[in-house]
Amino acid sequence: MIASSRSPLVWIVHLSVILLVVLWTLPTAGLLISSLRDKDQLAVSGWWTALSTSSQNLTGRAASPETQVERDGKFVITGNLLEDGNAKVSAFGFRPLQPTAFVVGTPADIGDGQTLTVKDDGSYEIVSPTRMEGTRGQRIFYTAAVPPRFTFDNYREVMQAEGIGASFINSLTVAIPATIIPILVAAFAAYALAWMKFPGRAILIAVVVGLLVVPLQMSLIPLLKLYNGVGAFLGVPAKTYVGIWLAHMGFGLPLAIYLLRNYMAGLPREIMESARVDGASDFDIFIKIILPLSFPALASFSIFQFLWTWNDLLVAMVFLGTGNNELVLTGRLVNLLGSRGGNWEILTASAFITIIVPLIVFFTLQRYLVRGLLSGSVKGG
């Protein structure tokens, strides 16, 4: 009876999970497919058309008049517009606004008695009754059906860009300490708030919860002014790795303390009491008992903090700078895109290059993620 009464709810849960997986997987799959497509096809069609032939309006230029040959009393220039032998031309023209003015195989009058003929395989022929002058060839506008093309050129372009390697190292230099430092500080604070009784503990817990809702943008400038003031007093340069580590620690501590405190408060009290009876100090209990038992919560926060610091751009630009030697990977990739945000093919390839390290971290620690979050959210004391 109980199982049958719960079955509709179970189905709803399963369908909800499937829906969420689809909603997350589809954009990621689309981004991956787009990163492997030819940039010309990517510019004119969506990723869901990647396996179908696409129709594109293209521009080519005929060979220069220097290549003309005389044939039957006329002067002829020949060549081919297509690099891909599988593509097919359906129409052509010699004006930018009329790329489909003529059907393939039909001679087009381009003036001065000259005719232009383009065939469906991309081969063209310009015939003139007199010798053609000049050094530049005739521009040809045409519509072609191009088969799907996949390439690693987008990834090569990103990986070969100047400064990518240095920016990758900069991102690691920022993300690793900015993940470890908050965990070390938060673990001690969480133990004190969970198991040590002292005046004002409840107020401190309330302050930590309140800090969770403070927007980063609101606290960024005051924190920067405070850091610059302290740095000037101590003679420390304004933009250093120490500064960005401290900034990420400040922004990450509220969530870290909240998660770890709730998790530690749910651990069995009998273990701590037995350790105190045996003469263990709070430090011994924390190091030898609390930390090993809290590893799922530590791992779950590590994933969030590493993803945040690795993908961060705003804090890195403010506390580290935008020079070539200081740019993190996200900043370098933004520069590759240009001021107008173009180069869509670079954007898609860059996205997958930046998530390689976070994916490694996530799949290494993901088995602890759900356990740590659920324990930290439902337990408390």
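For the structure itself, look to the data block above.
Residues numbered from 1 in each chain as written. Predicted model: local features only at pLDDT ≥ 70, side-chain atom pairs only at ≥ 80, totals over all residues. Heavy atoms only, no water.

Asks: Sorry, what's going on with the environment of Thr348 here?
Replies: Among the secondary structure elements, Thr348 is positioned in helix 13 (residues 344-354). Sequence separation of Thr348 and Leu32 is 316 residues, and the distance between their C-alpha atoms is 7.1 Å. (Helix = DSSP H or I, 4+ residues; strand = E, 2+ residues; numbered from the N terminus.)

Asks: Even after reading the chapter, I still don't get the packing of aromatic side chains, so can you show me in this structure?
Replies: The geometry of an aromatic ring pair is captured by the separation of the ring centres together with the interplanar angle, meaning the angle of the planes. In this structure the tally under the stated criterion is nine aromatic pairs. Centre to centre, the rings of Phe188 and Phe286 are 4.6 Å apart; their planes meet at 35 degrees, and the pair counts as tilted. Of the two residues, Phe188 is situated in helix 4 (residues 164-195) and Phe286 in helix 9 (residues 282-293); the sequence distance between them amounts to 98 residues. Here a set of aromatic residues connected by ring pairs shows up, and it is made of Phe92, Phe94 and Phe102. (Phe/Tyr/Trp six-rings, centres within 6.5 Å; stacked < 30°, edge-to-face > 60°.)

Asks: I tried to follow the packing of helix 7 (residues 241-265) against helix 10 (residues 295-311) on my own but got confused; where do I start?
Replies: Describing two packed helices takes the angle between their axes plus the distance from one axis to the other. One way to put it is that helix 7 packs onto helix 10 with a least axis distance of 10 Å and a crossing angle of 160 degrees. By the angle between their axes, helix 7 is roughly antiparallel relative to helix 10. In the crossing of helix 7 with helix 10, the sense of the turn from one axis to the other is right-handed. The residues of helix 10 that touch helix 7, namely those facing His248, Gly252, Leu255, Ala256, Leu259, Leu260 and Tyr263, are Pro296, Ala297, Leu298, Phe301, Gln305, Trp308 and Thr309. Taken together, the residues that form the contact of helix 7 with helix 10 break down as ten nonpolar, four polar and no charged. (Axes fitted to C-alpha atoms, helices over the stretch in contact; angles between N-to-C directions. Parallel < 35°, antiparallel > 145°, perpendicular 65-115°, else oblique. Left-handed = near helix turned anticlockwise from the far one by under 90°. Contact = heavy atoms within 4.5 Å. Nonpolar A, V, L, I, M, F, W, Y, C, P; charged D, E, K, R; others polar.)

Asks: Whenever I open this one, the pairing of strand 8 (residues 123-128) confuses me. Can you help?
Replies: Regular strands place side chains that alternate from one sheet face to the opposite one. In terms of residue burial, strand 8 counts as a mostly covered element, since five of its six residues are buried. Pairing between strand 3 (residues 74-80) and strand 8: six bridges, direction antiparallel. What sits directly across from Ile77, in strand 8, is Ile126. With four bridges joining them, strand 7 (residues 114-118) and strand 8 adopt antiparallel strand pairing. By the bridge assignment, Thr115 is partnered in strand 8 with Val127. Between the antiparallel neighbours strand 7 and strand 8 lie four residues, among them Gly122 with a positive phi of about 95 degrees. (Buried < 20%, exposed > 50% of the residue type's maximum accessible area, 1.4 Å probe, protein only. Pairing = 2+ DSSP bridges.)

Asks: Explain the packing of helix 4 against helix 12 (residues 329-337) to me, please; I cannot follow it from the model alone.
Replies: Interhelical geometry of helix 4 versus helix 12 gives an angle of 145 degrees and a closest axis separation of 7 Å. Here Ile164, Ser167, Phe168 and Ser171 of helix 4 come into contact with helix 12, specifically with Leu329, Arg332, Leu333 and Leu336. Residue composition of the contact of helix 4 with helix 12, by class: five nonpolar, two polar and one charged.

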